[in-house]
Amino acid sequence: MKKYLLLFPLIIIIVRCSGSDVSQNDDTNQKEFDPSWRKQQALEYFVDGSISVSKRDYSNAIRNYTETLNYDTSSGIYFELAKSYYAINKLANAVKYSKLSIQLDSSETEYSKLLAAIYMRANENDSAAIVLEKIITTDPTDMNTYRELARIYESTRPLEAIKIYNNIMAISGPNVTDLFMITELYEKLG
């Protein structure tokens, strides 16, 4: 009987401890639905990811950005994931996340420029050209995008590249580099 009396306080302690675990789990579950808590968690992971990028630790950055997606699915997070995958030359994942960022916010030309750069690194110049042409239609004053598109066309569509260089000079005035490129392309064409 004494054994049972000694076990009784131990059982009470165990029951109380397990009861507090349930209340803690309830608090955690309630936090997960709290928008401000979710935003704070996303911000912490995002900042950790950005710090990892500054240290060129892209694997850790990818882990942090992926964890951020559990709390927030903003276009900027997908963009940062795409940049991190691009940095370590995982181009399939970079394309995937770059496209997701553009789907969420097509007004950000930086997102499209990253997608074009990924395509160019993957030697998918036709896909890169399509993306660059879309950028030009939304921002016809972006001379760097015009030049990127002209460089893509130099080997496959030299007449189109010449047209683009002429358009650049019509918009921004004569430029020695652009004139040199036009001259070189005309020489290639004979």
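Structural data are supplied above this passage.
Residues numbered from 1 in each chain as written. Predicted model: local features only at pLDDT ≥ 70, side-chain atom pairs only at ≥ 80, totals over all residues. Heavy atoms only, no water.

As a further point, take the overall build of the protein. The helix and strand tally for the protein stands at ten helices and zero strands. Scanning the protein from its N terminus toward the C terminus, one meets helices and strands in the order α-α-α-α-α-α-α-α-α-α. Sorting the 190 residues of the protein into buried and exposed places 34% on the buried side. Here the analysis covers contacts within the protein between residues at least 6 apart in sequence; of these, 37% occur between residues at least 24 apart. (Helix = DSSP H or I, 4+ residues; strand = E, 2+ residues; numbered from the N terminus. Buried < 20%, exposed > 50% of the residue type's maximum accessible area, 1.4 Å probe, protein only. Contact = heavy atoms within 4.5 Å.)

This brings us to the nonpolar core. With 43 residues, the main nonpolar core has Leu81, Tyr97, Ile118, Leu149, Tyr153, Ile164 and Tyr165 as its most contacted residues. Elements supplying a minimum of two residues to this core: helix H3 (58-68), helix H4 (75-87), helix H5 (91-104), helix H6 (109-121), helix H7 (125-138), helix H8 (143-156), helix H9 (158-172) and helix H10 (176-189). The element that contributes the greatest number of residues to this core is H4, accounting for seven residues. When sequence neighbours within four positions are dropped, the list of residues in contact with Tyr165 reads Arg147, Ala150, Arg151, Glu154, Asp178, Met181, Ile182 and Leu185. (Core = buried A, V, L, I, M, F, W, Y, C linked by side-chain atoms within 4.5 Å.)

Note that Asn70 resides in the loop between H3 and H4. Given a relative accessible area of 46%, Asn70 falls into the partly exposed group. Put simply, Asn70 and Ala42 are 28 residues apart on the chain and 7.7 Å apart in space, counted from C-alpha to C-alpha.

On inspection of all chains with the given rule, the structure shows five salt bridges. For Lys83, the salt bridge identified is with Glu80, shortest N-O distance 3.4 Å. Residue Lys83 and its partner Glu80 are located together in helix H4, separated by three residues, close to a single helical turn. In this structure, Glu160 engages Lys163 in a salt bridge whose closest nitrogen and oxygen atoms are separated by 4.0 Å. Placement of both Glu160 and Lys163 in helix H9 is noted, with a separation of three residues, approximately one turn of the helix. Residue class for Glu160 comes out partly exposed when judged on its relative accessible area of 26%. (Salt bridge = Lys/Arg side-chain N within 4 Å of Asp/Glu carboxyl O.)

Between its terminal C-alpha atoms H10 stretches 20 Å, which fits the 20 Å expected from 14 residues at 1.5 Å a residue. Within the sequence span of H10, burial applies to Asp178, Met181, Ile182 and Leu185. Looking straight down H10, one finds its buried side chains confined to an arc of 100 degrees; they lie on one side. The exposed residues of H10 that point more than 90 degrees off its buried face are Val176 and Glu187. Tucked into the core, H10 has its buried residues touching H8 and H9. At the N-terminal boundary of H10, the capping side chain belongs to Asn175, with an oxygen 2.8 Å from the backbone nitrogen of Thr177. Directly beyond the C-terminal end of H10, a positive phi value near 85 degrees is found at Gly190. (Expected span 1.5 Å × (residues − 1). Arc of directions from axis to C-beta. Polar contact = N/O pair within 3.5 Å; in protein donor to acceptor, adjacent residues only side chain to side chain.)

On their own, these measurements won't tell you what the molecule is for.
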